[in-house]
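Chain by chain, the residues:
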Amino acid sequence: MDFFDRFAVPHPSFAIYASMVAIGLTTIAIIAGLTYFKKWGYLWREWITTVDHKRIGIMYLISALVMLFRGGVDGIMLRAQLAVPDNTLLDSQHYNEIFTTHGVVMILFMAMPFIMFFMNLVVPLQIGARDVAFPRLNALSFWLFFMGAMLFNISFVVGGSPDAGWTSYFPLASEEFSKSVGTNYYMIAIQIAGIGTLMTGINFITTIMKMRAPGMTLMKMPMFTWSALIANLIIVFAFPVLTVALAMGTMDRLFGTHFFTLDNGGMDMLWANLFWVWGHPEVYILILPAFGLYSEIISTFSGRNLYGYKSMVWSMVLISLLSFLVWAHHFFTMGQGAFTNSIFSITTMIIAVPTGVKIFNWLLTLRKGKIRMTTPMLYSMLFIPLFTLGGVTGVMLAMSAADYQYHNTMFLVAHFHNVIIPGVVFAMLAGLTYYWPKMFGFMLNERLGKWTAWLLSIGFVLAFIPMYITGLDGQVRRSFTYSESTGFGPLNMVSFVGAGIMAIGFVLIVYNIYYSIRYASRDISADPWDARTLEWPTHTPVPEYNFAIVPEVKSSEPFWDAKKHDHKLFKGEIEKIHMPNNSGMPFLMSCVFFVWGFSLIFSLWIPAIITTIGIFIFMTLRSFEKDHGRYIPVKEIEETESELRGA
Amino acid sequence: MKIDNSLPLEYSTEENRLKIFGFWIFLGAEIMLFATLFATYFTLYNRTGTGPDGAEIFVITPVILETFLLLTSSFTIGLGIHAMRLGRQKAMINFFAITLLLGLGFLGIEIYEFIHYAHEGAGIGESAFTSILLTTLGTHGAHVTVGLFWGLFIIMQVKKRGLTPETANKSFIFSLYWHFLDVVWIFIFSFIYLKGMM
């Protein structure tokens, strides 16, 4: 029985057993449903093997939304535990596990795929390309991300969740102090997803640099594409650091090396440094594409071109460079000396300057604009004041001397949720509403959308502003309870109510999708928002090849100029189009990666060796494969085009 | 597939140009990977705990041999690519084969070296210094190993399919990879071995 014991959950509770049953039943229901409706073939041909960037994007979106709810449930449990003093809903171990997984899931398995969704869907369309540079690599990136996410998610029912915080600081995360396999899950699941992300970075840099439509110089690229380019550059430079750090962490836990141990020369602060050399740029990988989306939305719904295009670009370049120079502000209080603290304090504060430039550019775009307060615009309008508040508290935290007061308190928790939720999550929801008609050919309900935006904002303010106050009063984070005499009780109850309101907002999104599928009009034009960039002049939904004729571009808002000056974007004849073939290999290879990861987590060496060889066999097969894709003949394109025009 | 004959074979199609560009970016990521390993090495190299330090375990002869083999292999793969551009398939295959044999020699000596370290009591779990030393060397060695298989498969494809835009592209990208491994080795040789023995 010893062999099976290690797969058991080390700290079981009723909630975990209930989740096991729920996961089991859902899996059976999905398998039965697919079999009953004979959808296996459809699923395989149209989705699992697809290399179409739009479909891969939609799969990223589905994963992100599912993970949003998983991470959201974690968040609600945390707030519920803290709602009243001396609560016994969760014990300390479960609290540790939940805040760890909440952080990892929300950053890496919710926000990242959401960004990837937008990059996949929007970038090729915005630059007038037919696909990304390496379509099959793109599919592999998605499936590796997906397998990493799944591996991480089974941790709480097989073997136990990680419990050392999302930063997984050593020595706490070492074999000595974190005995369950939870931290192995952390190291290996993130590693697998991270390889996928790195390949996405390579793919999109190549796409953006080499596949732009004729006439689109770098300084005529739409702002979202610019933000995607910068974010991908950060990915390529930051993710290898994480790869190495995770590999060293894995080796410390599995092979007894001494990178981060406390004895024989190991250095626990090395982990903190490596982690944040990746971790700080990571937050800009999330926020820059969000800024890109806001730029598109604000310019569209103000009816004006973006104010200060060049300063927008340069501010992003500057932010990306500075993002690599600030990592040590995450450990001002860990004894690195006043001089180091001062340097990192200054570099951190400087980031506020280019960010401020962007805020003013958005405000000046709004000035004298003909503003249409649609749902995406409402999110953007709520974003500006809320995000500015988060930015200001960020500058407060950047003061290293003052940080001795804020350190490890709820003030910090309030700050980073204050930038991530209005900054990233609102942008994702605004962008989702904005691009929904492009993906599916109908619009989400505006009334429900605005309700959601307000509920989320009110819930957000109630949930996180009280934390600033309790944090300044000294409520520490990562503590599962507090006594009544601290007086933190009432404000934490307010937070819990706020979290509940946010939860209602998120449920409303699901209802909105359901409602709109049933009732929304299918009779909409390809350009329902009167937008400005190249993703809108193609058909809705977008045909496989994106553009029958490659557009010619003269400005950063080619579609708007074409509409205003009545010139043609698409010149020339329809020619046969080269497209890549579907392939099951990315999915199958990722499945092998999944088994490989699982074997390593549980130190099952023989399967680990077999799957390692399996991965290389897949790479070899790919090398010998001859697949140059196929051509779509002119006749077929013309048929598709007239069909879509008629719709 | 449009083939532009004014360019070398490996650059002659759109797909090929994308692949070469993408591979350069991948090498950028690889530079970051090795840079992180080097940064960690410089942080930990004198944290030897109860284990030996570099001066005690490094032996110059095998390292010089390794360096000689790898640097020569970088030269021969360059000759291979030159032969490829002249369209001389047989010469190219021969130069690639010589490159891989030199790489194999390198790897053999490196394995011998690792066994020697283990005998000296410098296993990977000995101290922070041995952990990062063997991880850095091992990561480079693993890259060489992957390169040996990769190169072998490319030779097989060139032999079977001849010099097409596709095989030329693969060979050229492989040569970039091989040169990169050589560059990394120069850093390992200078900053790990020479500095460690001084």
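Scoring rules and cut-offs
- Residues numbered from 1 in each chain as written.
- Chains lettered and ligands numbered in written order.
- Predicted model: local features only at pLDDT ≥ 70, side-chain atom pairs only at ≥ 80, totals over all residues.
- Heavy atoms only, no water.
- UniProt positions renumbered as here; feature names shortened; annotations may be inferred.
- Helix = DSSP H or I, 4+ residues; strand = E, 2+ residues; numbered from the N terminus.
- Rg over C-alpha atoms; globule rule 2.2 N^0.38 Å.
- Buried < 20%, exposed > 50% of the residue type's maximum accessible area, 1.4 Å probe, protein only.
- Contact = heavy atoms within 4.5 Å.
- Areas by Shrake-Rupley, 256 points an atom, 1.4 Å probe, with all protein chains shown as cover.
- Lys, Arg positive; Asp, Glu negative; His and termini not counted.
- Charge placed at Lys NZ, Arg CZ, Asp CG, Glu CD.
- Polar contact = N/O pair within 3.5 Å; in protein donor to acceptor, adjacent residues only side chain to side chain.
- Buried area = accessible area lost by both parts, 1.4 Å probe.
- Salt bridge = Lys/Arg side-chain N within 4 Å of Asp/Glu carboxyl O.
- Nonpolar A, V, L, I, M, F, W, Y, C, P; charged D, E, K, R; others polar.
- Axes fitted to C-alpha atoms, helices over the stretch in contact; angles between N-to-C directions.
- Parallel < 35°, antiparallel > 145°, perpendicular 65-115°, else oblique.
- Left-handed = near helix turned anticlockwise from the far one by under 90°.
- pLDDT = per-residue confidence, 0-100.
- Expected span 1.5 Å × (residues − 1).
- Phe/Tyr/Trp six-rings, centres within 6.5 Å; stacked < 30°, edge-to-face > 60°.
- Core = buried A, V, L, I, M, F, W, Y, C linked by side-chain atoms within 4.5 Å.
- Patch = residues over 30% accessible without salt bridge, like charges linked within 9 Å, V, L, I, M, F, W, Y side chains within 5 Å.

Under the annotation held in an unreviewed UniProt entry, chain B carries the name Quinol oxidase subunit 3 and is attributed to Metabacillus endolithicus. Per its UniProt entry, chain B bears the Catalytic activity (unreviewed entry) comment "2 a quinol + O2 = 2 a quinone + 2 H2O". Under the UniProt heading Function (unreviewed entry), the note attached to chain B is "Catalyzes quinol oxidation with the concomitant reduction of oxygen to water."

(A) Representation of the overall build of chain A in the model. Counting its regular elements, chain A contains 21 helices and two strands. Rg of the C-alpha trace for chain A: 25 Å, near the compact-globule value of 26 Å for 647 residues, within the 12% margin. Seen along its three principal axes, the alpha-carbon backbone of chain A occupies a region of about 70 × 60 × 50 Å. Burial status across chain A gives 59% buried among its 647 residues. A sequence separation of at least 24 residues applies to 82% of the contacts in chain A between residues at least 6 apart. Surface accessibility of chain A: about 25500 Å² in total, with carbon and sulfur atoms responsible for 69%. Once the 41 positive and 39 negative side-chain charges of chain A are each reduced to a mean point, those two points are 10 Å apart.

(B) Region of the structure containing the environment of Ala526(A). Residues and elements named next belong to chain A. Here Ala526 is to be found in the loop between helix H17 (489–519) and helix H18 (558–565). Exposure remark for Ala526: the relative accessible area of 24% places this residue in the partly exposed category. For the pair formed by Ala526 and Ile509, sequence separation is 17 residues and the distance between their alpha carbons is 23 Å. Leave out the neighbours within four places in its chain, and Ala526 touches Lys438, Trp536, Thr538, His539 and Thr540.

(C) How the structure looks around the UniProt feature "transmembrane region" (unreviewed entry) in chain B. All names here are of chain B. This chain's UniProt record puts "transmembrane region" (unreviewed entry) on residues 21–45, 57–81, 93–112, 132–155 and 176–194. End C-alpha to end C-alpha, residues 21–45 measures 36 Å, and it is 96% helix and 0% strand. A helix fraction of 100% and a strand fraction of 0% characterise residues 93–112, whose end C-alpha atoms lie 29 Å from each other.

(D) Main features of the side chain of Ser302(A). All names here are of chain A. When you line up the elements, Ser302 lands in helix H9 (residues 268–302). For Ser302, a relative accessible area of 1% translates into the label buried. A polar side-chain atom of Ser302 sits 2.7 Å from the main-chain carbonyl oxygen of Ile298.

(E) Structural context of the environment of Ser92(A). Within the secondary structure, Ser92(A) is located in helix H5 (residues 92–126). In this structure, the C-alpha to C-alpha distance between Ser92(A) and Ala173(A), residues 81 residues apart in sequence, is 16 Å.

(F) Expanded view of the interface of chain A and chain B. The partner chain B presents 37 residues to the 36 residues of chain A that form the contact. In total, about 3200 Å² of surface goes out of reach between chain A and chain B, with carbon and sulfur atoms giving 71% of it. Summed over the three residues of chain A that lose the most area to chain B, namely Asn264(A), Phe624(A) and His628(A), the buried surface amounts to 18% of that side. Where chain A touches chain B, the interface holds zero salt bridges. Where chain A touches chain B, the interface holds eleven residue pairs in polar contact (both at pLDDT 80 or more). Residue assignment for the side of chain A that touches chain B shows that the elements contributing at least two residues are helix H7 (182–210), helix H8 (223–254), H9 and helix H20 (605–624) of chain A. The leading source of residues in the side of chain A that touches chain B is H8(A), at eight residues. Taken together, the residues of the side of chain A that touches chain B break down into 21 nonpolar, twelve polar and three charged.

(G) Focus on the packing of helix H1 (residues 14–44) of chain B against helix H5 (residues 128–161) of chain B. Residue and element names in this part refer to chain B. Where H1 contacts H5, the axes come no closer than 7 Å and their chain directions differ by 155°. One element, H1, and the other, H5, form an angle in the roughly antiparallel class. Between H1 and H5 the crossing geometry is left-handed. In this structure, H1 uses Phe23, Glu30, Leu33, Phe34, Leu37, Thr40, Tyr41 and Leu44 to contact H5, whose residues at the interface are Ala128, Phe129, Ile132, Leu133, Thr135, Thr136, Thr139, His140, His143 and Trp150. Across the contact of H1 with H5, the residue classes tally to eleven nonpolar, six polar and one charged.

(H) Looking closely at the confidence of the model for chain B. For chain B, the average pLDDT comes to 94, and 99% of its residues sit at 70 or higher. For this predicted complex, the interface score ipTM comes out at 0.95, while the overall pTM is 0.95.

(I) Examining the side chain of Ser73(B) more closely. All names here are of chain B. Note that Ser73 resides in helix H3 (residues 60–85). We classify Ser73 as buried; its relative accessible area is 0%. Ignoring sequence-local partners within four residues, the contact set of Ser73 consists of Thr99, Leu102 and Trp178.

(J) Just the pattern of salt bridges, in detail. Within the structure shown, the criterion is met by 16 salt bridges over all chains. The residue Lys635(A) makes a salt bridge to Glu639(A) at a minimum N-O spacing of 3.7 Å. Here Glu639(A) and Lys635(A) lie together in helix H21 (residues 634–646), a separation of four residues that amounts to about one turn. According to the relative accessible area criterion, Lys635(A) is exposed, its value standing at 60%. A salt bridge links Arg17(B) to Glu14(B), with the shortest nitrogen-to-oxygen separation between them at 3.5 Å. One end of the pair is Arg17(B) and the other is Glu14(B), both in helix H1 and three residues apart, which spans about a single turn. Residue Glu14(B) is classed as partly exposed on the basis of its relative accessible area, which comes to 43%.

(K) Broad picture of helix H16 (residues 446–472) of chain A. The terminal C-alpha atoms of H16(A) lie 39 Å apart, and with 27 residues this matches the ideal 39 Å at 1.5 Å per residue to within 8%. Its side-chain oxygen at 2.9 Å from the backbone nitrogen of Arg447(A), Asn445(A) defines the N-terminal cap of H16(A).

(L) A look at the packing of aromatic side chains. All names here are of chain A. Tallying each qualifying case throughout the model produces 80 aromatic pairs over all chains. For the pair Phe239 and Trp278, a centre-to-centre distance of 5.8 Å together with 80° between the ring planes defines the contact as edge-to-face. Note that Phe239 is positioned in helix H8 and Trp278 in helix H9, a separation of 39 residues in sequence. What makes Phe239 buried here is its relative accessible area of 2%. For Trp278, a relative accessible area of 1% translates into the label buried. By the ring-pair criterion, three or more aromatic residues cluster together here, those being Trp44, Tyr60, Phe109, Phe142, Trp143, Phe145, Phe146, Phe152 and Phe587.

(M) Fine view of the nonpolar core. Residues and elements named next belong to chain A. Counting 256 residues, the largest nonpolar core has Trp271 and Trp362 as the members making the most contacts within it. A total of 21 residues in this core trace back to one element, the largest contributor, which is H5. Once residues within four sequence positions are removed from consideration, Trp362 is found in contact with Phe291, Tyr294, Ser295, Ile298, Leu306, Met312, Phe383 and Ile384. With six residues, the next largest nonpolar core counts Ile577, Met579, Ile632 and Ile637 among its residues.

(N) Structural context of a nonpolar patch on the surface. All names here are of chain B. Taken together, Phe42, Tyr45, Leu71, Val183, Ile186, Phe187 and Phe191 make up a surface patch of nonpolar side chains, about 590 Å² in accessible area. In terms of residues, the nonpolar patch owes the most to one element, helix H6 (residues 165–197), which gives four residues. As for its position among the elements, Phe187 is in helix H6.

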